[in-house]
Amino acid sequence: MTANETGGAEHVQWGDGTRCVHAGEPTPAAGMPFRAGPVLAATYHLGVDGDIPEDFYGRAANPTWRALETAIGELDGGHCVLFPSGMSAIATLARLVLRPGDTVVLPSDGYYLARKHIASGMSALDLDVREVPTPGEWSAEVLAGARLVLLETPSNPGMDVCDIAAIAARAHAHGALVAVDNTTATPLGQQPLRLGADVSLASDTKALAGHSDVVLGHVSTADAELADRLRAARTESGAIPGPFEVWLAHRGLGTLDLRLERQARNAAALHRVLAEHPGVRGVRWPGAPGDPAHPVAARQMRRFGGVLCFELPSVAAVSAFTSASRLLASATSFGGLHTTVDRRAQWGDPVPAGLVRLSAGCEDTDDLVADVRVALAAALSTG
Ligand SMILES: *Cc1c(COP(=O)(O)O)cnc(C)c1O
């Protein structure tokens, strides 16, 4: 699919900042705002000629949704369908695609709720669920007979990476639909549809909306028919995004390029501090040249994000680290303006007790580096 087919040809020539500012905006007209406010209508005038307009009822269609779907579709290079959360995007795709007895391949180190929903929440379908660590092995045995292969790269929380193009080619040879959870990368960081995936989906709760005040998700696909089915499934299930949340996310998207740039700069600086500290182990950030994921990440990613992870020796050390810091908020989720830390084992992720996922925010780099140095000193004196 070229951008021509999605109506965004000229935007592909522009840089990320320009594309983010202008994505999905209306044709300029005198006296009109740059971007209209959220349309909160539950119902619309039908008119009297019997033709049903595009917008007729709020569960089926909404112009505020369409504006953000156009914007994200342009950035992803496909047709975008919004959902009220990232999980709703994943669950709706799984429900549409999977039939009883189907085989589905999932990352064993990916977002825990996606695994839980497909492996236990959909147990009535008697699925053959195969879990593979993100770095592989994505062998023929694993992919054979799969209906759906869901990749997550970089994976959350371990920051491992897999080769989307290579796995998609292999999975397609087995007839599978290939979906990539692109939450950590965002459409600016990585373009799964251009790398050969059938579907790129994400929790836009994270960096795309970016201000820790919206829960939202989307699915993008080059397949117009699949997009229509997803849209119909959203209308029929009734799980729809709120127009105000969608409008806020669109407002947030305008600064995605700026925010990612600052977050990546902060992540690089914090990575150096953490990697040099003798008490910290397992520091992972795909943007670091020495990281095991870096060669593949550098090939398929357009830029790196602000999320990294590392290990402290104990739960007590993580508590001491967080309480000695003035800038690191203990919170789940990532990709927002604020730098946050999350001890992932508390949510049941299969990771060491002291593994911390750190989401670098948009604070000044020097302030964060100084704060993390103080916090590390406190954490590692506790042991
Ligand atoms: C947060 C997250 C989700 C779930 O998204 P919600 O918007 O919280 O429903 C899915 N995948 C990844 C990688 C995530 O980080």
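Quick note: structure is the one above.
I will try to describe carefully the structure that is included in this document. (Residues numbered from 1 in each chain as written. Predicted model: local features only at pLDDT ≥ 70, side-chain atom pairs only at ≥ 80, totals over all residues. Heavy atoms only, no water.)

### So, the packing of aromatic side chains
Link 1 in the chain: Enumeration over the complete set of coordinates arrives at four aromatic pairs.
Link 2 in the chain: Residues phenylalanine 244 and tryptophan 247 carry aromatic rings whose centres are separated by 5.9 Å and whose planes lie at 25 degrees to one another, so their mutual orientation is stacked. Of this pair, phenylalanine 244 and tryptophan 247 both sit in helix α11 (residues 243-253), separated by three residues, roughly a single helical turn.
Link 3 in the chain: Note on tryptophan 247: relative accessible area 21%, which makes it partly exposed.
Link 4 in the chain: The ring of tyrosine 111 has lysine 206 lying over it, and the distance from NZ or CZ to the ring centre is 5.4 Å. (Phe/Tyr/Trp six-rings, centres within 6.5 Å; stacked < 30°, edge-to-face > 60°. Helix = DSSP H or I, 4+ residues; strand = E, 2+ residues; numbered from the N terminus. Buried < 20%, exposed > 50% of the residue type's maximum accessible area, 1.4 Å probe, protein only. Lys NZ or Arg CZ within 6 Å of the ring centre and 35° of its normal.)

### A look at the layout of surface pockets
Regions of empty space are outlined by a rolling probe, equal in size to a water molecule, passed over the atoms.
Link 1 in the chain: Roughly 510 Å³ of internal volume is contained in the largest pocket.
Link 2 in the chain: Contributing to the lining of the largest pocket are 23 residues, with Glu25, Pro26, Phe34, Arg35 and Ala36 lying nearest its centre.
Link 3 in the chain: Secondary structure elements with two or more residues in the lining of the largest pocket: α3 (16-22), α4 (63-76) and α11.
Link 4 in the chain: It is α4 that provides the largest number of residues to the lining of the largest pocket, a total of five residues.
Link 5 in the chain: Of the residues in the lining of the largest pocket, the class split is 13 nonpolar, seven polar and three charged.
Link 6 in the chain: In this structure, the second largest pocket occupies an estimated 330 Å³ of space.
Link 7 in the chain: Element by element, the count of residues in the lining of the second largest pocket is highest for helix α5 (residues 86-97), at three residues.
Link 8 in the chain: Classifying every residue of the lining of the second largest pocket by side-chain character gives eight nonpolar, nine polar and five charged. (1 Å grid on protein atoms, 1.4 Å probe; cavity = no way out; pocket = protein on both sides within 12 Å on 5 of 7 lines; lining within 4 Å. Points joined across faces, edges and corners; volume = space filled by probe spheres on them. Nonpolar A, V, L, I, M, F, W, Y, C, P; charged D, E, K, R; others polar.)

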